[in-house]
Amino acid sequence: MKRFDAIKKIMENISNELLIANIGFPSRELYEICDRNENFYMLGSMGLASSIGLGLALSQDKKIIVLDGDGSTLMNLGSLVTIANQNPKNFILIVLDNHAYGSTGNQETYTKNTNLLKIAKSAGFKNVFNYNTINFKDLLSKNLIESTFIHFEIEPGNADVGVIDLSPDEIKNRFIKAVKNP
Ligand SMILES: Cc1ncc(C[n+]2csc(CCOP(=O)(O)OP(=O)(O)O)c2C)c(N)n1
């Protein structure tokens, strides 16, 4: 399964959760599949989707889902340690691991040898799952009491989707409204 279908599967189960999407094709594919005010398309800062998600999780009660890439997770591994230790219960990090820097041409990352699921466990995440062995819908409906890391192994490949035709300000402002919306 490629990223596009993986995001589609995830979105079939989403209701009012706030979602932070990684830079590049993850955001573009999400925009094509299911644009909504609750999506924050992170445009510039590779590696920082999980940090942005953590800040949001700590500052309000809504559930946060971060869709990150393996390359970006590797770029900011320290964020896993910070999240696991802060441990907000309303935080779910899903790493779409295509073993590649997909958005810039599928150059291989090191996750063929380096196991992000084991790293998340070692960082201290209590809830660590392989997406293919869980029922994501059930997980979302549960009242989790700790932060969650989900490893979703996928094949490399970007869908033929357009760019996001929202300005950075539009993305930010409508997302802030969605965060504040009771
Ligand atoms: C600091 C920094 N380095 C490089 C880039 C260029 N860049 C944008 S997306 C990307 C690849 C991201 O790969 P990954 O996180 O694995 O996600 P994928 O695109 O494979 O879903 C790169 C290298 C950037 N935006 N910022």
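Definitions and cut-offs
Residues numbered from 1 in each chain as written. Predicted model: local features only at pLDDT ≥ 70, side-chain atom pairs only at ≥ 80, totals over all residues. Heavy atoms only, no water. UniProt positions renumbered as here; feature names shortened; annotations may be inferred. Phe/Tyr/Trp six-rings, centres within 6.5 Å; stacked < 30°, edge-to-face > 60°. Lys NZ or Arg CZ within 6 Å of the ring centre and 35° of its normal. Helix = DSSP H or I, 4+ residues; strand = E, 2+ residues; numbered from the N terminus. Buried < 20%, exposed > 50% of the residue type's maximum accessible area, 1.4 Å probe, protein only. Lys, Arg positive; Asp, Glu negative; His and termini not counted. Salt bridge = Lys/Arg side-chain N within 4 Å of Asp/Glu carboxyl O. Polar contact = N/O pair within 3.5 Å; in protein donor to acceptor, adjacent residues only side chain to side chain. Contact = heavy atoms within 4.5 Å.

- The name given to the chain in an unreviewed UniProt entry is sulfopyruvate decarboxylase, with the source organism recorded as Methanobrevibacter curvatus.
- One UniProt comment on the chain, placed under Function (unreviewed entry), says "Involved in the biosynthesis of the coenzyme M (2-mercaptoethanesulfonic acid). Catalyzes the decarboxylation of sulfopyruvate to sulfoacetaldehyde."
- What UniProt states about the chain under its Subunit (unreviewed entry) heading is, verbatim, "Heterododecamer composed of 6 subunits alpha and 6 subunits beta."

**Observations concerning the packing of aromatic side chains**
Okay, step 1: Counted by the stated rule, this structure contains five aromatic pairs.
Okay, step 2: An aromatic cluster is defined as three or more aromatic residues linked by ring pairs; in this entry it consists of Tyr 131, Phe 136 and Phe 152.
Okay, step 3: Of note, Arg 28 hangs over the ring of Phe 25, and the distance from its end group to the ring centre comes to 4.2 Å.

**Thoughts on the side chain of Glu 17**
Okay, step 1: Within the secondary structure, Glu 17 is located in the loop between helix H1 (3-11) and strand E1 (18-21).
Okay, step 2: Although Glu 17 is buried, it forms no salt bridge, and the closest oppositely charged side chain is Arg 36 at an N-O distance of 4.8 Å.
Okay, step 3: A polar side-chain atom of Glu 17 sits 2.7 Å from the main-chain amide nitrogen of Ser 15.
Okay, step 4: When neighbours within four sequence positions are excluded, Glu 17 is seen to be in contact with Arg 36, Glu 38, Lys 63, Ile 65 and Leu 140.

**Comments concerning the environment of Asn 13**
Okay, step 1: Position of Asn 13 relative to the elements: it lies in the loop between H1 and E1.
Okay, step 2: Since its relative accessible area comes to 22%, Asn 13 is described here as partly exposed.
Okay, step 3: Between the C-alpha atoms of Asn 13 and Glu 155, which are 142 residues apart in sequence, the distance is 21 Å.
Okay, step 4: In this view, Asn 13 contacts Tyr 131, Phe 136, Lys 137 and Leu 140; residues no more than four positions away in its chain are not counted.

**Some points on unusual backbone geometry**
Okay, step 1: The backbone phi angle of Asn 87 is positive, close to 55 degrees, even though this residue is not glycine.
Okay, step 2: Assignment of secondary structure puts Asn 87 in the loop between helix H5 (78-86) and strand E4 (91-97).
Okay, step 3: Phi is positive for His 99, which is not a glycine, with a value near 55 degrees.
Okay, step 4: Within the secondary structure, His 99 sits in the loop between E4 and strand E5 (100-101).

**Re the pattern of salt bridges**
Okay, step 1: Taken as a whole, this structure holds five salt bridges when the rule is applied.
Okay, step 2: For the salt bridge of Arg 3 with Glu 29, the shortest nitrogen-to-oxygen distance reads 2.8 Å. One end of the pair, Arg 3, is in helix H1; the other, Glu 29, is in helix H2 (residues 25-34), with 26 residues separating them in the sequence.
Okay, step 3: On the accessibility criterion, Arg 3 (3% relative accessible area) is buried.
Okay, step 4: Ionic pairing is found between Glu 38 and Arg 36, a salt bridge with its closest N-O pair at 3.9 Å.
Okay, step 5: For Glu 38, a relative accessible area of 22% corresponds to the partly exposed category.

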